[in-house]
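# Secondary and tertiary structure notes
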Amino acid sequence: MKILVAGESWVKHIIHIKGFDTFTNSEYAEGIEWFRSAMEEAGIEMDFIPNHDAPEKFPTTLEELNRYHVVILSDIGSNTLLLSNSTFSKSELAVNRLNLIKEYVSLGGGFAMVGGYMSFQGIDAKAKYKDTAIEEILPVTMHPFDDRFEAPEGLHIHIVSPEHPILEGIHGAWPHFLGYNRIQAKDSGTVLAEHNGNAFLAVGEFGTGRTLAFASDFAPHWGPKEFVEWQHYNRLWTNSVKWLAAKES
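Here we summarise the structure given alongside this text.

The rules behind these values
Residues numbered from 1 in each chain as written. Predicted model: local features only at pLDDT ≥ 70, side-chain atom pairs only at ≥ 80, totals over all residues. Heavy atoms only, no water. Buried < 20%, exposed > 50% of the residue type's maximum accessible area, 1.4 Å probe, protein only. Helix = DSSP H or I, 4+ residues; strand = E, 2+ residues; numbered from the N terminus. Arc of directions from axis to C-beta. Polar contact = N/O pair within 3.5 Å; in protein donor to acceptor, adjacent residues only side chain to side chain. Contact = heavy atoms within 4.5 Å. Axes fitted to C-alpha atoms, helices over the stretch in contact; angles between N-to-C directions. Parallel < 35°, antiparallel > 145°, perpendicular 65-115°, else oblique. Nonpolar A, V, L, I, M, F, W, Y, C, P; charged D, E, K, R; others polar.

### Thoughts on helix α6 (residues 97-106)
Arg-97, Leu-98, Leu-100, Ile-101, Tyr-104 and Val-105 are the residues of α6 that are buried. Taken down its axis, α6 places every buried residue within 155 degrees of arc, on the same side. A distance of 3.0 Å separates the backbone nitrogen of Leu-98 from a side-chain oxygen at the start of α6, and that oxygen is part of Asn-96.

Written as structure tokens, this is what we have:
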């Protein structure tokens, strides 16, 4: 099995002020290590495209997407996929990659969106997936505004469908989370976990493919140390990927 994950990286540009003088430095970081480790343990091959590479390296054809059983977007805004350098800088026509993902799923591909500041609608509604092909294929609807629910005190989710294959072998209380994107399940979707009436983990089908929405991070900061080091973390994501790929054995 082979999957594609896009997003989960960032660059910090920091201004240091020391009295009269200032200087800057930049730092690059990724949040993929825990998920990558889970896939490696399960023997699942994974390609990773960080945010800064996605405008040019994310697939632009159905043939390229069909190399993967599952495609996952995590903390990558829609502009990054819609505005390639040729379109933004040169005003050239290009494929709409959100529509391409929809076609891929309709023909049997698996797709998931994992939450974060640049997922669903995101911080200041800048992720901008509302009213796109991605919202159409997911088992949830999005709010048209900043959809974050911040919980620095920690929150605990409620498991609704413990019998679902994605939750197989996962027992006991889940760790706390520090926030999530507020999303609502569609009538056609199945909610596996929720918080305060918001879908936290939901699954569904579109065409002949399967889709999943996970409202929080699979890495810090919303996914704290207690979650990424949880004994069932690897099983949760391995089960999810296998279910999306319709490979449950």
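### Remarks on the side chain of Ser-74
Locating Ser-74 in the fold gives a position in strand β5 (residues 70-74). Given the relative accessible area of 0%, Ser-74 is considered buried. A distance of 2.8 Å separates polar atoms of two side chains, one belonging to Ser-74 and the other to Glu-8. Not counting residues within four places of it along the chain, the set of residues in contact with Ser-74 comprises Ala-6, Gly-7, Glu-8, Val-114, Gly-115, Ser-119 and Phe-218.

### So, the packing of helix α1 (residues 33-42) against helix α9 (residues 233-244)
Here α1 crosses α9 at 70 degrees, and the two axes come no closer than 9 Å. With respect to each other, α1 and α9 are oriented roughly perpendicular. On the side of α1, the interface is formed by Trp-34, Phe-35, Ser-37, Ala-38, Met-39, Glu-41 and Ala-42, while α9 contributes Tyr-233, Asn-234, Trp-237, Thr-238 and Val-241. Partitioning the contact of α1 with α9 into residue classes produces 8 nonpolar, 3 polar and 1 charged.

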